[in-house]
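Fold and contact review
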Amino acid sequence: MAKTIFISSTYRDLVPHRDVIWKVLQNFDVKITGMEAFGARRSNPLETCFEEVEVSDIYLGVISMCYGSIDELTGKSYTQLEYEKAKELGLETLIYLIDENKGEVKTGNIDFGDKYLRLNSFKNILKKNHTVDFFQNETDLGTKIYNRLESILHKPGQLINRPESLKARTHRMNLNGDSWVVIVGYLNSKPFEVWTCKADIEDGILLPKSVEEGFLTRRTYEGVTEFDFTFQNKRGYKTTIEGISYMFDFHINTYDKVVSRLLQSDIHLSVVTNSILSLKLENKSLSSWNEQLIKILQQ
């Protein structure tokens, strides 16, 4: 089943860019949606945007030097609200920002004053949450989008090859008074792998509370595959915790592998979360693992 890509941007200043994007996307087996395809509807413009985001798989955001039309209720631009909706739904997100030093921007397509401040704040949010790319003009943008989609579009249900090392984030979880750490590996800014580890001195892993990110590394020794977590401590030294794939709890360890397999099958995050909810832990003290893991994956 072809994926749907939602194109999000301001319009007046990016007409040629959007035209190039539509032409680029026609080279792939995808469905395309954006303001050019909305047509007449009973719903208001913002509701229409949300409706289209909700049926999409990939959010493609292009931001230049205009903040765009502002929703009176929230004070945010339609583009920013579309992005926030996509993030809420867990869509795969690709962000392209104009190169403010080398980018080609017409004088009339630059916002100043309050709109500039809101635009700058939005860009900072995007830079914080995603690995963004920068473009100079519509041709440069089209080339970068084409190359990116070539690397991430897979057949539905086809397992994606795992690299030896993944960027990872750590999350804390409390299960019936016991502390656990969930380490999530990311590929293309999407959750890709999950390991749930007990956090205590005797039976678990020793991970400083200040550590929020690191790398998940796979290693194979004598036919046995294990996973380690490497992070940088406060003094700047790399520290590796070996064997985070150790079976801290049989059921959770098994479900970690099931969830990871789903994430690596390139299916929509909503399908993964629904599957997680269906998993039943026999140990009642661990029963909230499902709901807490879903919240982590949706961040």
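Residues numbered from 1 in each chain as written. Predicted model: local features only at pLDDT ≥ 70, side-chain atom pairs only at ≥ 80, totals over all residues. Heavy atoms only, no water.

**Let's talk about the pattern of salt bridges**
Following the criterion strictly, the structure yields 13 salt bridges and no others. The closest approach of N and O atoms between E100 and K123, which form a salt bridge, is 2.7 Å. Placement of E100 in the loop between β4 (92-98) and α4 (113-129) and of K123 in helix α4 is noted, with a sequence separation of 23 residues between them. You can call K123 buried: its relative accessible area is 2%. (Salt bridge = Lys/Arg side-chain N within 4 Å of Asp/Glu carboxyl O. Helix = DSSP H or I, 4+ residues; strand = E, 2+ residues; numbered from the N terminus. Buried < 20%, exposed > 50% of the residue type's maximum accessible area, 1.4 Å probe, protein only.)

**Regarding the sheet that holds strand β7 (residues 178-187)**
Sheet architecture is open: 6 strands sit in the order β8-β7-β6-β9-β10-β11, paired in antiparallel fashion. Across the chains shown, the open sheet's two edge strands, defined by having one partner strand only, are β8 (190-198) and β11 (238-241). Across the sheet, the mean angle from the axis of one strand to that of its neighbour is 35 degrees, orientation sign disregarded. Pairing analysis gives 4 bridges linking strand β10 (residues 224-232) to β11, with the strands arranged antiparallel. Bridge pairing in β11 links Q232 to K238. Of the strands in this sheet, β6 (165-175), β7 and β8 touch helix α6 (residues 250-263), which is tilted by about 175 degrees from β8. (Pairing = 2+ DSSP bridges. Axes fitted to C-alpha atoms, helices over the stretch in contact; angles between N-to-C directions. Contact = heavy atoms within 4.5 Å.)

**Let's talk about the sheet that holds β4**
If you walk across this open sheet you meet the 5 strands as β2-β1-β3-β4-β5, and the pairing is parallel. The sheet terminates laterally at β2 (30-33) and β5 (133-135), the two strands that pair on one side only. Pairs of neighbouring strands in the sheet enclose a mean axial angle of 25 degrees, with direction left out of account. As paired elements, strand β3 (residues 58-63) and β4 share 6 bridges and run parallel to each other. Across the sheet, residue I58 finds its bridge partner in β4, namely E92. Taken strand by strand, α4 contacts β3, β4 and β5, and its axis lies near 130 degrees from that of β4. Sheet strands touched by helix α5 (residues 138-152): β1 (3-9), β3, β4 and β5. Its angle to β4, the strand with the most contacts, is close to 160 degrees.

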